[in-house]
Amino acid sequence: MDQLKGLLKSYEAWVAKNPDVVGDFETTAKWVSYFVAGRISNSNVLSELVYTLSNMLVFYNDRIIEKARGANENAVLRLQSGLCYRLKVTLTTLEYCEVFIEISARRLFGQTGKWLVIALIQVCKAAGRLFLLKHSTSDIITSPPIAAVNRRALSKQRKADAAAADSVPQSEHSITFKLKRSGRLIRKVEGAPPIQYRDFKLHVDNADAAKTQIPRELLQAEYLYIAKPLVHLAALGLFGQRSWKQYIIALSMDLYSVHLYRQHRHLMSKQQKLELSRRCINLLYFLVRSPFYDKYSKTRIERILGFVAQHVPIAKVVAGPLKEYVPQWQNTYFYLWST
């Protein structure tokens, strides 16, 4: 057991020092899942398992990198509310694993078991999102709740910090110190700016800031977005999976939620605007969701991929298998409740 703990600590130290190398390995693991698809029996389960494990590895490595950095947004949230942070970790893990869980449930329990599992997952996610919206400092629920660390930006920041540190005289390196327990960086008295530039105002840390009041109009839009998966599942049960009614209900709820946000854009924070942009892009997924995909998109996508496979020599290596896998991927991934 001690040897295992030692190996784990060594791995964490290596990840913290080599985030770029770790990122290359994680990308390779994800590409393996794409190549596995369709090449062996039960490949959809195996490829989804590989993809899920690669996402979980990325998530675990991100936590190691953030812990090594000592100061970041998620660490602030963790200091402010341990319960909310743990709930975000749980929802993020569930979001990474939900497709594999659904496929496994279909294999083990059939279609009835699959839909029961899907309903249970979406109820848990909706309840968790409502709790976070009410009790955390987040004014909008992102997907996933804890975003992946931007490794490129982190690498550039580390290089810039190293260059800045090299340019600072050695005597100026001791103006701060780090608290052992929280890892917070504290400035020493001698590191204060000149007296003419001081404002003597009490500094308010983000970790201690209270939750800001979300405007009622934006809160209604977010409630609508959170409720959409449950409403859609109920519509599926009433009208069927290939019905236009359940498709239009889900699309209408998404469009109205976006409309409410855009109508009160002046009340939105920067985080809300970024997430709203992502949701607007995700509306394109409705082009490859049933029944729109079955009636309009399928033939056009197959025609384009077939043309590329026949007339573009290099691209046909990718376009050919992609044409075969698109129906399976559409049936597996493009759920209306996934966004």
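Position numbers for residues count from 1 along each chain, tracking the sequence in the order it is written. Totals for whole chains, interfaces and linings use all residues, but because this is a predicted model, local features are given only for residues with pLDDT of at least 70 and pairs of side-chain atoms are given and counted only at 80 or more. Side-chain metrics rest on all non-hydrogen atoms present in the structure, leaving aside hydrogens and water.

> If you had to explain the overall build of the protein to someone new, which residues and values would you point to?
In terms of regular secondary structure, the protein is built from 11 helices and two strands. Whether a residue is buried, partly exposed or exposed follows from its accessible area with a 1.4 Å probe, protein chains only, as a fraction of its type maximum: under 20%, in between, or over 50%, in that order. Residue burial in the protein is summarised as follows: out of 339 residues, 36% are buried. Throughout, a residue-residue contact means that at least one pair of heavy atoms, one from each residue, lies within 4.5 Å. The long-range share in the protein, meaning contacts at least 24 apart out of those at least 6 apart in sequence, stands at 70%. Per-residue and other accessible areas were derived by the Shrake-Rupley procedure at a 1.4 Å probe size, with only the shown protein chains allowed to occlude residues. Accessible area for the protein stands at about 21,000 Å²; split by element, carbon and sulfur atoms hold 62% of it. Helix and strand definitions follow DSSP, with helices as H or I runs of at least four residues and strands as E runs of at least two, each counted in order from the N terminus.

> Before we move on, could you go through the environment of Thr 52 and cite the residues and values that matter?
Within the fold, Thr 52 resides in helix H3 (residues 43-69). For Thr 52, a relative accessible area of 4% translates into the label buried. Considered as a pair, Thr 52 and Val 99 are 47 residues apart in the sequence and their alpha carbons are 8.4 Å apart.

> Tell me about unusual backbone geometry, residues and numbers included.
Residues Ser 143 and Pro 144 are joined by a peptide bond in cis, for which omega reads 0°. Within the element layout of this structure, Pro 144 appears in the loop between helix H5 (82-135) and helix H6 (151-167). Cis geometry marks the peptide bond from Ser 290 to Pro 291, where omega comes out at 5°. Its place among the elements puts Pro 291 in the loop between helix H9 (270-282) and helix H10 (292-311).

> Would you mind going over a nonpolar patch on the surface in detail, with residue names and values included?
A cluster of nonpolar residues, Met 1, Leu 4 and Leu 7, forms a patch on the protein surface that exposes about 380 Å² of accessible area. Here Met 1 lies in the segment before helix H1 (2-17). Surface patches are drawn from residues lacking salt bridges whose relative accessible area is over 30%; two like charges belong together within 9 Å, two nonpolar side chains (Val, Leu, Ile, Met, Phe, Trp, Tyr) within 5 Å. Salt bridge criterion: a side-chain nitrogen from Lys or Arg within 4 Å of a carboxyl oxygen from Asp or Glu.

> Can you lay out the packing of aromatic side chains for me, pointing to particular residues and giving the numbers?
Two aromatic rings from Phe, Tyr or Trp, using only the six-membered ring of Trp, form a pair when their centres are within 6.5 Å; if the ring planes differ by under 30 degrees the pair is stacked, by over 60 it is edge-to-face, and anything between is tilted. Under the definition given, this model contains nine aromatic pairs. Pairing Phe 59 with Tyr 96 gives two aromatic rings, centres 6.0 Å apart and planes at 70°, and the pair type is edge-to-face. One end of the pair, Phe 59, is in helix H3; the other, Tyr 96, is in helix H5, and 37 residues separate them in sequence. Each member of the pair Phe 59 and Tyr 96 is classed as buried. Taken together, the ring pairs in this structure connect Trp 244, Tyr 247, Phe 286, Phe 292 and Tyr 296 into an aromatic cluster. The side chain of Arg 279 reaches across the aromatic face of Tyr 225, ending 3.6 Å from its centre. When the ring centre of Phe 286 is taken as origin, the NZ or CZ atom of Arg 289, which lies over that ring, is 5.0 Å away. Any Lys NZ or Arg CZ that is within 6 Å of a ring centre and within 35 degrees of that ring's normal is treated as a charge sitting over the ring.

> So what about the side chain of Ser 290? Which residues, and what values?
Mapped onto the secondary structure, Ser 290 falls in the loop between H9 and H10. Of the residues examined, Ser 290 reaches a relative accessible area of 12% and is grouped as buried. Think of a polar contact as two N or O atoms within 3.5 Å of one another; within protein, one of them needs to be a possible hydrogen donor and the other a possible acceptor, and neighboring residues in sequence only count if both atoms come from side chains. Of note is the side chain of Ser 290, whose polar atom sits 2.6 Å from the side chain of Arg 242. Here the side chain of Ser 290 touches Gln 330 through a polar contact of 3.2 Å, side chain to side chain. Aside from chain neighbours lying at most four places away, what touches Ser 290 is Arg 242, Gln 246, Tyr 247 and Gln 330.

> An account of the packing of H5 against helix H7 (residues 216-239) is needed here, citing residue identities and associated values.
Two elements in contact, H5 and H7, have axes whose closest approach is 10 Å; the angle formed by their N-to-C orientations is 170°. As the angle between them shows, H5 and H7 are arranged roughly antiparallel. On the side of H5, the interface is formed by Trp 115, Ile 118, Ala 119, Gln 122, Val 123, Ala 126, Arg 129, Leu 130 and Leu 133, while H7 contributes Leu 219, Glu 222, Tyr 223, Ile 226, Pro 229, Leu 230, Leu 233 and Leu 236. Three classes are used, and their members are as follows: Ala, Val, Leu, Ile, Met, Phe, Trp, Tyr, Cys and Pro are nonpolar, Asp, Glu, Lys and Arg are charged, and the others, Gly among them, are polar. Partitioning the contact of H5 with H7 into residue classes produces 14 nonpolar, one polar and two charged. Between N-to-C directions, angles span 0 to 180 degrees; the directions come from axes that are lines fitted to C-alpha atoms, helices contributing only their stretch in contact. Every angle not falling under 35 degrees, over 145, or within 65 to 115 is termed oblique; those three ranges are roughly parallel, roughly antiparallel and roughly perpendicular.

> Explain the pattern of salt bridges to me, and be specific about the residues and the numbers.
For side chains of opposite charge, pairing can occur when their charged atoms come near one another. Following the criterion strictly, the structure yields eight salt bridges and no others. Here Lys 228 ties to Asp 254 by a salt bridge, and the two come within 3.1 Å at their closest N and O atoms. In this pair, Lys 228 is assigned in helix H7 and Asp 254 in helix H8 (residues 244-263), connecting sequence segments 26 residues apart. Each of the two residues, Lys 228 as well as Asp 254, counts as buried. One continuous salt-bridge network, built from bridges that share partners, spans Glu 222, Glu 275, Arg 278 and Arg 279.

> Which residues make up the environment of Lys 67, and what are the values?
Mapped onto the elements, Lys 67 comes out in helix H3. Using a relative accessible area of 67% as the deciding quantity, one classes Lys 67 as exposed. Separated by 55 residues in the primary sequence, Lys 67 and Glu 12 place their C-alpha atoms 9.8 Å from one another.

> Which residues make up helix H11 (residues 316-333), and what values do they have?
Each residue after the first adds 1.5 Å to the expected span of a helix. Its 18 residues give H11 an end-to-end C-alpha distance of 24 Å, which sits within 8% of 26 Å, the value for a rise of 1.5 Å per residue. Two axes are fitted around each residue, one to the seven residues ending there and one to the seven starting there, and the angle between them is reported as the bend at that residue. When the local axis directions of H11 are compared, the greatest deviation, roughly 40°, occurs at Tyr 325, which is followed within four positions by the proline Pro 327. All of the buried residues along H11 are Ala 319, Tyr 325, Val 326, Gln 330 and Thr 332. Residues of H11 that are buried make contact with H5 and H10.

> An account of H5 is needed here, citing residue identities and associated values.
Its 54 residues give H5 an end-to-end C-alpha distance of only 11 Å, which falls more than 12% under 80 Å, the value for a rise of 1.5 Å per residue. Along H5, the sharpest change in direction is near 140° and occurs at Phe 109.

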